[in-house]
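One-letter residues, chain by chain:
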Amino acid sequence: MTSKLLNIRTLGELKKTDYKSRSVKDELRANLIKQLQHGEGGFEGIIGFEDTVIPDLQTAILSRHNILLLGLRGQAKTRIARLLVNLLDEYMPYIEGSELYDDPLAPISWFGHNEIITKGDDTPIGWVHRSERYTEKLATPDVTVADLIGDVDPIKAATMKLTYSDERVIHFGLIPRAHRGIFVINELPDLQARIQVSLFNILQERDIQIRGFKLRLPLDIQFVFTANPEDYTNRGSIVTPLKDRIESQILTHYPRTIDVSRKITQQEASLTADQRSAIEVDDLVKNLVEQIAFEARNSEYIDKKSGVSARLTISAFENLVSNAERRMLINSEKNTFVRISDFLGVIPAITGKIELVYEGELEGPGKVANILIGKAIKTLMLQFFPDPEKTKKAKAPNPYAEIINWFADGNNLAVIDELPLHEYKKALNAVNGLKSLVKKLHPRLTDNQELLMMEFVLHGLSEFSQLNKGFLDNGFAFSDMFNSLFNLQPDDDDLDIDNDRY
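Predicted model, so just to flag it, every value in this text is computed and none were measured.

S.K.: What should I look at first to understand the packing of helix 3 (residues 24–37) against helix 4 (residues 53–62) in this one?
M.R.: What describes two packed helices is the angle between their axes and the distance between those same axes. Helix 4 packs onto helix 3 with a crossing angle of 135° between their chain directions and a minimal axis gap of 8 Å. In terms of orientation, helix 3 lies oblique with respect to helix 4. The segment helix 3 lies against helix 4, with Leu28, Arg29, Leu32, Ile33 and Leu36 engaging Gln58, Ile61 and Leu62. A class-by-class count of the residues in the contact of helix 3 with helix 4 yields six nonpolar, one polar and one charged.

S.K.: Is there a simple way to think about the sheet that holds strand 13 (residues 467–472) in this case?
M.R.: Across a sheet, strands are paired by hydrogen bonds formed along the backbone, either parallel or antiparallel in direction. Pairing within the open sheet is antiparallel, and its three strands lie in the order 12-14-13. Where the open sheet ends on each side, the last strands, each with one partner, are strand 12 (413–416) and strand 13. Averaged over neighbouring strand pairs, the angle between their axes works out to 20° when direction is ignored. With four bridges joining them, strand 12 and strand 14 (residues 475–480) adopt antiparallel strand pairing. Note that in strand 14 the partner of valine 415 across the bridge is phenylalanine 476. Seen against the sheet, helix 24 (residues 447–463) touches strand 12, strand 13 and strand 14 and runs at an angle of roughly 105° to strand 13.

S.K.: Is there a simple way to explain the sheet that holds strand 9 (residues 248–251) in this structure?
M.R.: Strand order in the open sheet made by the five strands is 4-7-8-1-9, with parallel pairing throughout. Of all the strands in the sheet, just strand 4 (134–138) and strand 9 have a single pairing partner and so form its edges. Ignoring which end each strand starts from, the neighbouring axes of this sheet average 20° apart. Contacts between helix 3 and the sheet are confined to strand 7 (181–186) and strand 8 (221–227), with strand 8 contributing the most and set at about 80° to the helix.

Rules and cut-offs
Residues numbered from 1 in each chain as written. Predicted model: local features only at pLDDT ≥ 70, side-chain atom pairs only at ≥ 80, totals over all residues. Heavy atoms only, no water. Axes fitted to C-alpha atoms, helices over the stretch in contact; angles between N-to-C directions. Helix = DSSP H or I, 4+ residues; strand = E, 2+ residues; numbered from the N terminus. Parallel < 35°, antiparallel > 145°, perpendicular 65-115°, else oblique. Contact = heavy atoms within 4.5 Å. Nonpolar A, V, L, I, M, F, W, Y, C, P; charged D, E, K, R; others polar. Pairing = 2+ DSSP bridges.

Now the structure itself:
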């Protein structure tokens, strides 16, 4: 069917088909109805919005509404807008040569009307793919009315020897050129109020005004706007009459469970084939990455109004794998697995994506990142092992007693992120009771998973104040809670717990 349509090259041939003009909103509605009737999703790659955002979005499309997607950063607002293109017809006919993609049966521009008057049924017809019917503009303070709506072009007037009263001297902006398509304005509050006012007539009366031209141009556009609610108080606001003209406002949100957040990260993380094949990433590590974001969204050090983008976990996961890859390359190993000590490499991915409140600024972004990682470990510790605080007070034998006593006897352990596998294994196995605890509670682990869990226990105990954890330039050092790490190896300059690299 598509190939037959594309062979139609004149208006006369198009009239012989069953093609009928319809608005872009009717087009979106009709194609959505087909999708819903066939049980198709229509918004591939959008995870976690199946029961909230997507139903609201589908309702707005069925109502033929312009849409405002309102949510904090990193909530897939722009991606949702871009996926609306899939609800358009695959190809659309237009009068060939028209800069506004004029409908052959209902032209709106001077060019379109003139072509049909002069050529009739021989008017050439072109076909545009739905991917070319999407226009996106990031709202910035320097955007002008001419950018969006258009302006008089004196060069065109001089070249074509036209008077300024002739419609042909107009150079159309982005919005008229999006006729019969989808137009998206990202970060709408960043648009100056006077520019927002210029959108009033387009949304309601569907006409435009350019430099005093009395021009009725019935544009056919599906508008989608995105905005961050924090922008209403910080950088700007959406003027009330404009908000009133946007029929549906849809609230987005962050993932509500670890599983949903993990699916998003695994879908979006950009890893090479070599990284995927050579580096093992356990589910515990994946969950830890997601838990960091959940802890950040509830942290007293971070501005909740600013939000914590899903990009944090994506970047953090990529850094985590790359940190393990770096160690593998340094040690000339063929494969490796992600360790807890690799989370040192995650800190740069966290510090650039969090907005700190005053208390957080006092601590510093690096310190806050370490605190978030620690809280994530503490939260997940209780999912895999008994609560160290409760076992310490219980009458039953403390399962961690042998481990804690080993450190109490003056033993210490440094876990450097560049340790080769055999040294890493040797160091963990040296801690009395550590391996037996993991084997007892998790007997079916692989060798790599067992080592990961052993290190995880040490980090967990430190978060519950059962052990002392010091931050080194390139790793961690564990010791008894009541002994200073300065006594660990007095002549080793690397063990400077007060001045870690962050």
